[in-house]
Amino acid sequence: MENGPTLHFLYKNDPKFLDTWKAVQPMTEKAMNFFSRNIGEYPYDQYSVIQGGDGGMEYAMATLITGGDRPGSVIGTMIHELAHSWFQHVLATNEAKHEWMDEGFTSFISALCSNEIREQNQENPFENSYKGYYNLALSGKEQPMSTHADRYDLNFAYGISAYSKGAVFLAQLGYVIGQDKLMETIRKYYEDFKFKHPVPNDIKRTAEKVSGMELDWYLTDWTQTTNTIDYGVKSVGGEGETTKVTMERIGLVPMPLDILVVYNDGSRETFYAPLRMMRGEKDNPYPQIERTVLPDWPWAYSNYDFIINRPISDIQAVVIDPSQLMADINAENNVWQAEE
Ligand SMILES: [Zn+2]
């Protein structure tokens, strides 16, 4: 690679594999550049992509990948296994004890990478991780993510917990502290903990230092419990020239709320209810839309009111978290719509 490591590709000289194993080469260079730019510089002189093994497996400075008739699948596997060079091999987390920091963070960053280098242009590249997590949360089979990898009752619960709920940990952290701060957190985490053995507290403290927020509640609830998030728009009522909105916290996990209000004239406005115990506010995630920062919501109250300075007849809809990065297990009560 230009000013970078040497990439080796070792594969069978068989015509039915050649197209795939040619296609994977420029994509490996793109993925390497993406991870070096977004996490931190790849620290070694070489990386090898090798046809073999039994599916896809990561090793330091190499991956073994089977197959070859479907380029998309080999490229997808290469992106995931290469990402492990950062999340496991250089940031050497104990992958049995904190499996979500290994497979989850790898799934997060490879979804971002895929979206960019394969030009998938998905609005939410983590959608599959969220779907997997909702499936697990509603199955009744979930165990806390802090469970040792060998101590899950079901492989299904281990897999979704490690890969999907672990990826959602970071994607949702971006919702809490803001996307720029999330990417800054990942780069600082790499810088401070490369060639060490980071534990859950290290990613939390890094995010706290970058964002200036208190995030212990997030680490605790998301990783050490099976508590879930469910917020709802409870009621919207006209009060003369103004409108009173009552929000409701139904789930046990507290969250700050982004609330979008859409008016009948097509204009939009957002309201932001920070969580009191995070002791901070994120930047406006929708800079093109005017945002009102509301008073903090102390989590123990299940209801929360705010006032919109327009009559109810102007309002078309009130929507909780239009980004859908907050992992709310019941989306149905997240939208209030005026009756036609
Ligand atoms: Zn993996």
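Residues numbered from 1 in each chain as written. Predicted model: local features only at pLDDT ≥ 70, side-chain atom pairs only at ≥ 80, totals over all residues. Heavy atoms only, no water.

## Focus on the pattern of salt bridges
Close approach of charged atoms allows side chains with opposite charge to pair. Condition: Salt bridges are defined by distance alone: a side-chain nitrogen of Lys or Arg within 4 Å of a carboxyl oxygen of Asp or Glu. Think of it this way: any DSSP run of H or I at least four residues long counts as a helix, any run of E at least two long counts as a strand, and we number them from the N terminus.
Applying the stated criterion across every chain, the model contains 14 salt bridges. Notably, a salt bridge pairs Glu127 with Lys131, separated by 3.6 Å at the nearest N-O pair. With Glu127 and Lys131 both in helix 5 (residues 127-137), this residue pair falls 4 residues apart, about one helical turn.

## Here we look at the coordination of the zinc ion
Rules: Listed donors are limited to N, O and S atoms within 2.8 Å of the metal, widened to 3.2 Å for Na, K and Ca; water is not among them, so incomplete-looking sites are possible.
The zinc ion binds to the protein through His80 (NE2), His84 (NE2) and Glu103 (OE), with metal-donor distances spanning 2.0 to 2.1 Å. Expressed as a motif, the donor residue spacing for the zinc ion is H-x3-H-x18-E. Here His84, found in the loop between helix 2 (71-83) and helix 3 (85-90), pairs with Glu103, found in helix 4 (residues 99-117); they are 19 residues apart in sequence, far enough to count as distant.

## Section: the sheet that holds strand 12 (residues 335-337)
Rules: Pairing between two strands is assigned when DSSP locates at least 2 bridges connecting them. In this analysis an axis means a line fitted to C-alpha atoms, helices contributing only their contacting stretch, and an angle means the value between N-to-C directions, from 0 to 180 degrees.
Strand order in the open sheet formed by 5 strands is 9-8-7-11-12, and the pairing between neighbours is mixed. Across the chains shown, the open sheet's two edge strands, defined by having one partner strand only, are strand 9 (291-293) and strand 12. When the angles between neighbouring strand axes are averaged without regard to direction, this sheet yields 15 degrees. Bridge count for strand 8 (residues 268-273) against strand 9 is 3 bridges, and the pairing is parallel. Paired with Phe271 across the two strands is Thr292, which belongs to strand 9.

## Overview of the sheet that holds strand 2 (residues 46-51)
Strands belonging to one sheet form pairs held by backbone hydrogen bonds; the direction of such a pair is parallel or antiparallel. An order of 1-2-4-3 is seen for the 4 strands of this open sheet, with the pairing classed as mixed. Strands at the two margins of the open sheet, each flanked by one partner only, are strand 1 (6-10) and strand 3 (56-59). Strand-to-strand twist of the sheet, defined as the mean angle between neighbouring strand axes without regard to direction, takes the value 10 degrees. As paired strands, strand 3 and strand 4 (residues 62-65) are joined by 4 bridges and run antiparallel to one another. For Glu58, the partnering residue across the bridge sits in strand 4 and is Thr63.

## Regarding the domain arrangement of the chain
How we decide: For the purposes of this description, domain bounds are those given by an automatic or database domain assignment. A contact between two residues is defined here by any heavy atoms of the two lying within 4.5 Å. Buried surface area refers to the total accessible area, computed with a probe of radius 1.4 Å, that the two partners give up upon joining, counted for both partners together. Side-chain atoms alone can form a polar contact between residues adjacent in sequence; in general such a contact is a pair of N or O atoms within 3.5 Å, and within protein one must be able to donate a hydrogen while the other accepts it. We call Asp, Glu, Lys and Arg charged. Ala, Val, Leu, Ile, Met, Phe, Trp, Tyr, Cys and Pro are nonpolar, and the rest, Gly among them, are polar.
According to the domain assignment, the chain contains domain 1 (6-85), domain 2 (109-224) and domain 3 (231-337). Computed over C-alpha atoms, the centres of domain 2 and domain 3 are 24 Å apart. With 23 residues of domain 2 at the interface, the matching set in domain 3 holds 23 residues. For the pair domain 2 and domain 3, the summed buried surface comes to about 1800 Å²; carbon and sulfur atoms form 65% of the total. On the domain 2 side of the interface with domain 3, the three residues burying the most area are Tyr175, Met213 and Trp217, jointly 41% of the side's total. Here domain 2 is connected to domain 3 by 7 residue pairs in polar contact (both at pLDDT 80 or more). Counting only elements with at least two residues in the side of domain 2 that touches domain 3, the list comes to helix 5, helix 6 (155-177), helix 7 (179-193) and helix 9 (216-224). Taken together, the residues of the side of domain 2 that touches domain 3 break down into 15 nonpolar, 5 polar and 3 charged.

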